[in-house]
Amino acid sequence: MEKVRVLSARFDLPDSHTIEVYLRTGGYQALRKALAEMTPEAVIEEVKRSALRGRGGAGFSTGMKWSFVPKDSSKPKYVIANADESEPGTCKDRVLMEKDPHAVIEGILLAAYAVQAHLAFIYIRGEYWYLKERLEYAIEEARAHGFVGANILGSGFSCDIIVHPGAGAYICGEETALMESLEGKRGYPRIKPPFPAVVGLYGCPTVINNVETLASVPPIILNGGDWFRRLGTEKSGGTRLFAVSGHVARPGVYELPMGYSMKRMIEEDCGGIRGGKRLKAVIPGGSSAPILTAEEVEQCTLDFESLLALKSMLGSGAIIVMDEDTDIAQVVYRITKFYEHESCGWCVPCREGTRWMRKLLERLLRGEGRPKDVDLLYELARNIFGTTHCPLGDAAAWAVYPAIEKFRADFEKYVRAAAVSVSAEPSDVPGARRLLVV
Amino acid sequence: MLSAGAKEKIQRIIARYPVKRSALLPVLFVVQEELGYLPDEALHEVARWLDLTFLDVETVVSFYTMFHRRPIGRYHIQVCRNVSCYLCGGDAIREHLERRLGIRPGETTPDGRFTLSEVECIGACSWAPAMQINFTFYHHLTPERVDEILASLP
């Protein structure tokens, strides 16, 4: 497949974040075109045709999402750029906002025009403070050029953008939790439906998209939806930024067409496994995506369909690569600890389940696991799955039970270690150990 | 309690939002930047500005990890413990920091210079292992590099 740089086209240019460079390289031409030649409906149609799907995790069709916003609503409408990038393994939005903030801003303006919103927010995780400042500076640059604010380019369309900081909560990447947070509350997810397109921020129709999704819109408007779709696969249009981390020789953020071979990406683009070692496993879409074995990686392509067929997901496009020496039980422990920490505590299966999974994993890793603990951990994960309001519970479960199915030996070895230590105990206090086991 | 500059900044922030309460997180950041942490009196003041109760503000503050209810060190070292950093030797970085500073995660050095925290993914996965000191990112860490960074802090 041909490698075309759409999102990363400006990444290597000096001062790529400035409006001068952006304008010199075709920046804000899509906005000009849309405002001068296209109706809001035509913008939505073009995005639908592009087969652009959400780059944040869920992979929902962007054009469809926009078309759900009621046109006849008397309420104000809002656009939110989700820049709360917190999914473990994911660092691509950070590069995008650092290198090309104007692409994000232009994408937001196009989305706002498409749904006729006059106020937009960029909700950015607080840890990315330097990017908050960079985006605010870029917005002022754009305002000075007449791209942001009242009566944009004399079109009569107005839109302002506010950059809003999060304050350290993974759950706020979930779209409805993000809206709660933006309203100045705790980041508890809302029950869906109603979906944000109808009842979103302040109870008003709201479009919320990941920043990479939005940055993909200007090239779509400029070159056409068909052009974008053909860069990828029929159902997963375009190119995408993949954040590769872990045991590869050259980790980094790579732009690749959807449908590209995962094996080729690891071996050619990322220089293979570090130190000439063999591949053991890949977590393909951020920590929430079920783990893949090396055999599964062989047949995997980087698109939503292929990962779905492997019962995993492309998620946020974060590819975590692990070599043959990796202890999958340790990896699962890190991830489980994370979900326990980030559970908002609303749903019992998630709040209590993640805690119990973490405790079970700790007992195993301490070498004190009981023979049935691996099965217990598996059952626990299965019982969390599908029982929570938001996907955090599912994500926590997905990090655990497929890993046990595929790498059971990595967990069992701790049970064997425990069995040895039990037999080595003095036998003159029968039953004492049982009392100690909680 | 706050400087005139901070108060003016807060008024500007509040004026931008269609609903006042939305300004809560950004306003709390301004206050924390000024005072170093968020004491009760500050939360009362924020509540007055935004027409909220103390409890409204307190429940929000306690939800988010970036807000501090007690003073912390001048340099807040936040070392990532999540999966990508773990795979690239993040544990060794944390252990090195613990030894160097003589404190465990969650503690502050007696001179008030450093607070050490273990944090979840900070979005530096492709450049692991990584940490943040206050808001600055540090990538590709080794124990030697950590020593250099600590020595370079004013």
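Rules used in this analysis
Residues numbered from 1 in each chain as written. Chains lettered and ligands numbered in written order. Predicted model: local features only at pLDDT ≥ 70, side-chain atom pairs only at ≥ 80, totals over all residues. Heavy atoms only, no water. Helix = DSSP H or I, 4+ residues; strand = E, 2+ residues; numbered from the N terminus. Rg over C-alpha atoms; globule rule 2.2 N^0.38 Å. Buried < 20%, exposed > 50% of the residue type's maximum accessible area, 1.4 Å probe, protein only. Contact = heavy atoms within 4.5 Å. Areas by Shrake-Rupley, 256 points an atom, 1.4 Å probe, with all protein chains shown as cover. Pairing = 2+ DSSP bridges. Domains from an automatic or database assignment. Salt bridge = Lys/Arg side-chain N within 4 Å of Asp/Glu carboxyl O. Axes fitted to C-alpha atoms, helices over the stretch in contact; angles between N-to-C directions. Buried area = accessible area lost by both parts, 1.4 Å probe. Polar contact = N/O pair within 3.5 Å; in protein donor to acceptor, adjacent residues only side chain to side chain. Nonpolar A, V, L, I, M, F, W, Y, C, P; charged D, E, K, R; others polar.

Caption draft 1: Examining the overall build of chain A more closely. The helix and strand tally for chain A stands at 21 helices and 11 strands. For a compact globule of 438 residues, the expected C-alpha radius of gyration is about 22 Å, and chain A comes in at 23 Å, within 12% of that figure. In terms of overall dimensions, chain A has C-alpha extents of about 90 × 45 × 35 Å along its principal axes. Taking all 438 residues of chain A together, the buried fraction comes to 61%. Sequence separation of 24 or more characterises 71% of the internal contacts of chain A that already satisfy a separation of 6 or more. Summed over its atoms, the accessible surface of chain A is roughly 16,500 Å², and 54% of this surface lies on carbon and sulfur atoms.

Caption draft 2: View of the pairing of strand S8 (residues 279–283) of chain A. Residues and elements named next belong to chain A. Taken across its five residues, S8 has four buried, putting it largely inside the fold. One ladder, built from four bridges, connects S8 with strand S11 (residues 318–323); its direction is antiparallel. The residue bridging Val 282 from the neighbouring strand is Val 321, located in S11. In this structure, S8 lies alongside strand S9 (residues 292–293), joined through two bridges in antiparallel fashion. By the bridge assignment for S9, Val 282 is matched with Leu 292.

Caption draft 3: Main features of the pairing of strand S5 (residues 239–246) of chain A. Residue and element names in this part refer to chain A. With eight of eight residues buried, S5 lies mostly within the body of the structure. Side chains of S5 alternate between two faces, with Thr 239, Leu 241, Ala 243 and Ser 245 and Arg 240, Phe 242, Val 244 and Gly 246 buried alike. In the sheet, S5 pairs with S11 via four bridges, with the strands oriented parallel. Residue Ser 245 lies in a different strand from S11, and its bridge partner there is Ile 320.

Caption draft 4: The domain arrangement of chain B, seen in detail. What the domain assignment reports for chain B is domain 1 (4–63) and domain 2 (75–152). Look at where the C-alpha atoms of domain 1 of chain B and domain 2 of chain B centre, and you get two points 29 Å apart.

Caption draft 5: Spatial organisation of the pattern of salt bridges. The final tally for this structure, using the stated rule, is 50 salt bridges over all chains. The salt bridge involving Arg 94 of chain B is made with Glu 95 of chain B; its shortest N-O contact spans 3.8 Å. Arg 94 of chain B sits in the buried class, given a relative accessible area of 17%. Given a relative accessible area of 36%, Glu 95 of chain B falls into the partly exposed group. With a shortest N-O distance of 3.3 Å, Glu 98 of chain B and Arg 104 of chain B are connected by a salt bridge. With a relative accessible area of 15%, Glu 98 of chain B lands in the buried category. A relative accessible area of 52% means that Arg 104 of chain B is categorised as exposed. If you follow the salt bridges from partner to partner, you end up with Arg 334 of chain A together with Arg 81, Asp 91, Arg 94, Glu 95, Glu 98, Arg 104, Glu 118 and Glu 120 of chain B in one network.

Caption draft 6: Spatial organisation of the sheet that holds strand S3 (residues 131–133) of chain B. Residue and element names in this part refer to chain B. On the basis of which strands lie adjacent, the open sheet formed by four strands has the order S2-S1-S3-S4 and mixed pairing. Unpaired on one side and paired on the other, strand S2 (114–119) and strand S4 (136–138) mark the two borders of the sheet. Adjacent strand axes in the sheet meet at a mean angle of 20°, parallel and antiparallel pairs treated alike. Direction of pairing for strand S1 (residues 75–80) relative to S3: antiparallel, over a ladder of three bridges. When the bridges of S3 are listed, Gln 78 appears paired with Gln 132.

Caption draft 7: Fine view of the interface of chain A and chain B. Taken residue by residue, the interface counts 60 residues in chain A and 38 residues in chain B. Counting the surface lost from both chain A and chain B, the interface buries some 3,900 Å², and carbon and sulfur atoms represent 61% of this. Counting the surface chain A buries against chain B, the share from its top three residues, Ala 167, Arg 186 and Arg 334 of chain A, is 18%. Put simply, chain A and chain B have one salt bridge between them. The interface formed by chain A and chain B includes 22 residue pairs in polar contact (both at pLDDT 80 or more). Here the side of chain A that touches chain B is built from residues that sort into 32 nonpolar, 17 polar and 11 charged.

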